[in-house]
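# A closer look at the structure
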Amino acid sequence: MGSIADTLSQLRAARDIVLHDPTPYPQVVAGILQVVSPAAQIEARRWGADFLAESFASPVVAAEVKQQMAVLVLDTLGGWLDRQKTMGQEEDVCVVKSAIQCAASIYPFVFRHTVTASDANVWKKMSDIKSTILGRMDTGNPGVRICCIKFATCVVQTQTPGTIADPRRPERNEISLALLPREHAVVSSSILEAQASGLLDRVLSVLQDSSDDALIVTAALNALAPLVQKRASITAKIITAVLNFDPFKLTRKTMTGRDKIIVRSLTRTTMSFLLNNFKLAKNNIFAGRIQQHLERMKVTLNEAFSEAHQLKRRALDMPVDGLDDTKRQRLSAEPAHSVAQLQQPDAFAPLPDGPISLAQLFTLTRDTAVSTFPVQGLNADIITQLIPAVIQTLSQERIEQVVNAVRSRMDYLSKSVPAPASAVEAVKAVIGEDDDDDYDPTMNFEGDLEQVTNELDQLPPEKVATDVAVGPFNLPSPTPLTVAARDDYSKTALTRVFETLAEIDKEIRSRDLEKDQKAKNKPGESEKGFNRLAASLLSGHDREGWLTLLTRLATRSSLHATDGNQKAENQNRIARKDGRKFDLSNGIRQALMNYIMENFRARIDVAIMWLSEEWYSERVVKNDSNGLPTYWHWTLRLFDAMTTYFDIRDGKILIRFLSEVPAINRDMLRLAKKIAQDPDRVQLTVNALLYLIMFRPPVREAAIDCVAELWQENQDAKPAAAKILAKYRPAVIEKANKTPVKEEA
């Protein structure tokens, strides 16, 4: 232990030197790297990882010096992160976190070094480090995952085009994809941009997949904030995802103390994120939606914790209105007008003389314009939105005053109206006097009116009979459905659900077009008043909910069926007249495929979500030993349908589909190779296969085999495929070059 203590003491002395004078930073870092190598002791590695993370994050070190040192530390960072593979030992968590933070700081400098120097070796080392870090993004502990999210956002920021302030001084411009030439020898701008888009989707998915993990969601929101400010091209995508994020999912069940803290933390973090972006860009098209969403989140937060807030104080044992039963007995002997004067505050309008209507009973304001406002002209939806908001603005004391005023009016009216002397007068008091002079009430009695009146007066008071035993009431069982009727109802429900989806898509498109038109005509104004409240009702939650329901019904509707007879009945049902079997799950799958193919470029997310559910259902839930028959069948059908419509502009769509579906086999790669039969779409296939080779290791060998077949069979794809084979499988090209060419006789 003495030697490691002396080593750490010397390392601290070197750190103190560069903290006072940053000039010898390159020399000090080069010397420290030899001491804190991956083979060093754990204390030295921890100190070295913290020092490198601190050095590259320090603002006092010049960017040129950081770029010079970034190339030196790649081997050390790679050794720390790949310690499990190289030495068979898992690296310390503290070392991993500091190494990922250091990698996030040096990634822009390595990218600029590669752009300017075309150093393929350095870029390969950085790519390996990037793959290792992104592989820990979903499996590491919370601290490592937070660092991985930060690294992913740094990669997205670097690989997304930014602004060029001064083309004459490239060293002073912001590091972004805009610095990369189109025909660069080492890296391709299209591949990097597609990778950045995929990483951004992966970070945004944290808001939906880890909605109950406050640490991960908070880290994602904090990491996304710089992207909104510095990358205008992806601002809309990020803000839309945050607006669709629901931090109140845990409020739909009984919340524990931990759940309450999580909901409050997520809500405040989301509100801070939206509020900061609202202040920075008030003229943005999202300003109105952000303001509405903030107001809605405040109201929802108050409603979620209102019950707990009320339980903090014990309810009073005495009546809050001041009208106890004993007090009512004492006041009953006093004149009626004194009761009214005692109960009505001066701020409320007095009751008029004569008969009182319900509207007059509940009208407390003295403002004539308010009391005569035509409320019946407003829409019911608008009123239901306004009433909770108005009630939230009132204090508890004011509400109690209003309730007591109405209650005192009702007491006053009940005491001021005399009781009817007979049953006939009671009936007249209810139905009113008849103004028809031709009607004679005594016409049908013929002198017996007094006798009937006496009999009515002698009747006992009407009371509810309490001695009648009420037995249980059960609804009759419904008529059992036939197999054909059950299938017809299933088809009808399926048709109605997709009609609802079509209406939601149409509303969303019309709303977006209307907003774009308003932004062009009046870019400085936003929706106000009732229009703003009505517009807030339209959101994408309904569409996402319907799609989730459909995919779950298609993949998991028969998971819990345990009755053998029911299974046999479902298998033998025949609903179509042509004799083919009808299955609800396959019907939903076919409808989903048709829905996606109507506009597969805009609905590629629906396709990925559906296929992911299919894979999860067969691989995890059902644990099917026969492979993935349903998943492969529908994946190949959908991909085969899409390959027909791919054009040269759909490179990102193809890469996203192949990179985000859960599993890929050689049949899918043959379909991808089939795209290259069109000479205009050769580069589309080559870029997609290169992406799979670089960033999807499980299918790397199959993708390289596909590239080799493409190089041998397709003359148009031979130059592009040769570049990939020269790097990943040069033996194929060397073997072809050594094969002698037979001359024809």
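Residues numbered from 1 in each chain as written. Predicted model: local features only at pLDDT ≥ 70, side-chain atom pairs only at ≥ 80, totals over all residues. Heavy atoms only, no water.

### Regarding the overall build of the chain
Regarding its fold elements, the chain presents 36 helices and zero strands. Per-residue burial over the chain gives 37% buried out of 745 residues. Contacts in the chain between residues far apart in sequence, at least 24 positions, make up 69% of those at least 6 positions apart. Carbon and sulfur atoms provide 53% of the accessible area of the chain, an area that totals close to 44,900 Å². (Helix = DSSP H or I, 4+ residues; strand = E, 2+ residues; numbered from the N terminus. Buried < 20%, exposed > 50% of the residue type's maximum accessible area, 1.4 Å probe, protein only. Contact = heavy atoms within 4.5 Å. Areas by Shrake-Rupley, 256 points an atom, 1.4 Å probe, with all protein chains shown as cover.)

### Section: unusual backbone geometry
Positive phi values are uncommon outside glycine, yet Ser-118 reaches one of about 55 degrees. Its location among the elements puts Ser-118 in the loop between helix 7 (93-117) and helix 8 (120-135). Residue Ser-118 is classed as partly exposed on the basis of its relative accessible area of 37%.

### A look at the packing of helix 33 (residues 682-695) against helix 35 (residues 718-728)
Interhelical geometry of helix 33 versus helix 35 gives an angle of 15 degrees and a closest axis separation of 10 Å. The pairing of helix 33 with helix 35 is recorded here as roughly parallel in orientation. By crossing handedness, the relation of helix 33 to helix 35 is classed as left-handed. The residues of helix 35 that touch helix 33, namely those facing Gln-683, Val-686, Leu-690, Ile-693 and Met-694, are Ala-720, Ile-724 and Tyr-728. Partitioned by chemical class, the residues of the contact of helix 33 with helix 35 number seven nonpolar, one polar and no charged. (Axes fitted to C-alpha atoms, helices over the stretch in contact; angles between N-to-C directions. Parallel < 35°, antiparallel > 145°, perpendicular 65-115°, else oblique. Left-handed = near helix turned anticlockwise from the far one by under 90°. Nonpolar A, V, L, I, M, F, W, Y, C, P; charged D, E, K, R; others polar.)

### Side note on the nonpolar core
Ranked by internal contacts, the top residues of the largest apolar core, which has 99 residues, are Phe-51, Leu-52, Ile-100, Ile-106, Phe-151 and Ile-238. Apart from residues no more than four positions distant in its own chain, Leu-52 is found in contact with Val-29, Leu-33, Val-73, Trp-80 and Cys-102. Counting residues in hydrophobic clusters, the runner-up holds 69 residues, among them Ala-591, Trp-634, Met-642 and Leu-669. (Core = buried A, V, L, I, M, F, W, Y, C linked by side-chain atoms within 4.5 Å.)

### Some words on helix 30 (residues 629-643)
An ideal rise of 1.5 Å per residue puts 21 Å on 15 residues; helix 30 measures up with 21 Å between its terminal C-alpha atoms. Along helix 30, the residues classified as buried are Tyr-631, Trp-634, Thr-635, Leu-638, Phe-639, Ala-641, Met-642 and Thr-643. Elements that come into contact with the buried residues of helix 30 comprise helix 28 (584-598), helix 29 (604-621), helix 31 (651-660) and helix 32 (666-675). (Expected span 1.5 Å × (residues − 1).)

### Thoughts on a nonpolar patch on the surface
Among the surface-exposed residues, Trp-546, Leu-549 and Leu-553 lie close enough to one another that they form a single nonpolar patch of about 240 Å² accessible area. Take Leu-549: it is sitting in helix 26 (residues 541-556). (Patch = residues over 30% accessible without salt bridge, like charges linked within 9 Å, V, L, I, M, F, W, Y side chains within 5 Å. Salt bridge = Lys/Arg side-chain N within 4 Å of Asp/Glu carboxyl O.)

### So, the pattern of salt bridges
Summed over all chains, the structure comprises 27 salt bridges. Its salt-bridge partner being Arg-603, residue Asp-505 comes within 3.3 Å of it at the nearest N-O pair. On the criterion of sequence distance, the pair formed by Asp-505 in helix 24 (residues 483-521) and Arg-603 in the loop between helix 28 and helix 29 is long-range, its members being 98 residues apart. Using a relative accessible area of 8% as the deciding quantity, one classes Asp-505 as buried. With a relative accessible area of 9%, Arg-603 lands in the buried category. Across the pair Lys-673 and Glu-709 runs a salt bridge whose closest N-O atoms are separated by 2.9 Å. Here the residue Lys-673 occupies a position in helix 32, and Glu-709 occupies one in helix 34 (residues 700-713), the gap between them amounting to 36 residues. A single salt-bridge network, built from bridges that share partners, covers Asp-505, Arg-543, Glu-544, Glu-598 and Arg-603.

### Looking at the confidence of the model for the chain
For the chain, the mean per-residue pLDDT works out to 78, and 76% of the residues sit at or above 70. The low-confidence segment residues 433-442 (pLDDT under 50) makes three contacts with residues lying over four places distant or belonging to another chain. (pLDDT = per-residue confidence, 0-100.)

### Description of the packing of aromatic side chains
This model, assessed by the stated rule, comprises eleven aromatic pairs. Centre to centre, the rings of Trp-610 and Trp-634 are 6.0 Å apart; their planes meet at 55 degrees, and the pair counts as tilted. Here Trp-610, found in helix 29, pairs with Trp-634, found in helix 30; they are 24 residues apart in sequence, far enough to count as distant. Note on accessibility: Trp-610 and Trp-634 belong to one class, buried. Put simply, the rings of Tyr-107, Phe-111, Trp-123 and Phe-151 pair up and form one aromatic cluster. One residue, Arg-603, lies across the ring of Tyr-595, its end atom 3.9 Å from the ring centre. (Phe/Tyr/Trp six-rings, centres within 6.5 Å; stacked < 30°, edge-to-face > 60°. Lys NZ or Arg CZ within 6 Å of the ring centre and 35° of its normal.)

### Describing the environment of Ile-146
Tracing the chain through its elements places Ile-146 in helix 9 (residues 142-158). For Ile-146, a relative accessible area of 29% gives the class partly exposed. The spatial distance from the C-alpha of Ile-146 to the C-alpha of Val-217 is 9.1 Å, given a sequence separation of 71 residues. Discounting chain neighbours no more than four positions away, the residues touching Ile-146 are Leu-215, Ile-216 and Ala-219.

### Considering the environment of Ala-185
Inspection of the secondary structure puts Ala-185 in the loop between helix 9 and helix 10 (189-204). A relative accessible area of 73% places Ala-185 in the exposed class. The sequence separation of Ala-185 and Asp-119 amounts to 66 residues, and the corresponding C-alpha distance is 9.2 Å.

### What to know about the environment of Cys-154
Within the fold, Cys-154 resides in helix 9. Placed 69 residues apart in sequence, Cys-154 and Ala-223 show a C-alpha to C-alpha distance of 8.5 Å.

### Remarks on the side chain of Arg-136
Take Arg-136: it is sitting in the loop between helix 8 and helix 9. Contact partners of Arg-136, with chain neighbours within four places excluded, come to Leu-81, Glu-90, Val-96, Val-144, Arg-145 and Cys-148.

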